[in-house]
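Here is how the chains run, residue by residue.
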Amino acid sequence: AGNQNSGLKNLPASVHLIRGNPSKKAFSDLKQNHVQWELVSDVPTCPPELDEIAREEWDRITPDLYKLGVIKTFDQGELAVYCQAYADWKYARRKVSALKEEGYVDITPSGYKQMSVWLQIANRAEERMRASGASFGFTPAARQRIQVPVAQGELFSNEHKEKAEKYF
């Protein structure tokens, strides 16, 4: 026999709305305490802490991610991590290229060869790029896991649209 603690707890209305209302509950059922719910989905603003290269990457990718419906304002931190990792990777790769052979291998004071510091920085930045970029579908495998919202078509044909707007 069940009691009040049995089963799953009801999700708050805000969670239903954030998820796109997968349970298809009526909007009137989701209103709580006469609060008007409205989902805001703006492009996140670029954090001022990012350097110039990271800001350029931010400006390059955010419009497309927004059009696809993949990012929201609360994704600012994860997107900033990706953009700064990209900037770090680009800077380190330029250093490696400029140093040519010496950019790949350092010789320690005791005479041993080891991977250069710039190459290590580039590799770690690449790992950060892959990890945070997967959240936004930047790899083929990650794109398969991301569900891009599909826009709903017109509910009424154009000839009935004016009549529908009058009543709804």
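Please refer to the structure higher up on the page.
Given the structure is predicted, the values throughout are model-derived calculations rather than measurements.

Chemist: Can you explain the overall build of the protein chain? Please cite residues and give values.
Modeler: Each helix and strand counted, the protein chain has seven helices and two strands in total. In sequence order, the protein chain lays out its α and β elements as α-α-α-α-β-β-α-α-α. Out of the 168 residues in the protein chain, the part that is buried amounts to 24%. The long-range fraction of contacts in the protein chain, counting pairs at least 24 apart against all pairs at least 6 apart in sequence, stands at 48%.

Chemist: Tell me what's going on with the pattern of salt bridges, and back it up with residues and numbers.
Modeler: For the structure shown, the criterion picks out three salt bridges. Between glutamate 57 and arginine 60 there is a salt bridge, with the nearest N and O atoms lying 2.9 Å from each other. Pair noted here: glutamate 57 and arginine 60 are both in helix α3 (residues 52-68), with a separation of three residues, about one helical turn. Look at glutamate 57 and you get buried, because its relative accessible area is 3%.

Chemist: Account for a negative patch on the surface, with residues named and values stated.
Modeler: On the surface, a cluster of negative charge is contributed by Asp51, Glu52, Glu56 and Asp59. Note that glutamate 52 resides in helix α3. Residue glutamate 52 is classed as exposed on the basis of its relative accessible area of 59%.

Chemist: Go over the packing of helix α4 (residues 76-99) against helix α5 (residues 117-133), please, and point to the residues and values.
Modeler: Angle between the axes and distance between the axes: these two values describe a pair of packed helices. Between α4 and α5, whose axes approach to 8 Å, the crossing angle comes to 155°. In this view, α4 runs roughly antiparallel relative to α5, as classed from their interaxial angle. As α4 packs across α5, the resulting crossing turns out to be left-handed.

Definitions and cut-offs
- Residues numbered from 1 in each chain as written.
- Predicted model: local features only at pLDDT ≥ 70, side-chain atom pairs only at ≥ 80, totals over all residues.
- Heavy atoms only, no water.
- Helix = DSSP H or I, 4+ residues; strand = E, 2+ residues; numbered from the N terminus.
- Buried < 20%, exposed > 50% of the residue type's maximum accessible area, 1.4 Å probe, protein only.
- Contact = heavy atoms within 4.5 Å.
- Salt bridge = Lys/Arg side-chain N within 4 Å of Asp/Glu carboxyl O.
- Patch = residues over 30% accessible without salt bridge, like charges linked within 9 Å, V, L, I, M, F, W, Y side chains within 5 Å.
- Areas by Shrake-Rupley, 256 points an atom, 1.4 Å probe, with all protein chains shown as cover.
- Lys, Arg positive; Asp, Glu negative; His and termini not counted.
- Charge placed at Lys NZ, Arg CZ, Asp CG, Glu CD.
- Axes fitted to C-alpha atoms, helices over the stretch in contact; angles between N-to-C directions.
- Parallel < 35°, antiparallel > 145°, perpendicular 65-115°, else oblique.
- Left-handed = near helix turned anticlockwise from the far one by under 90°.

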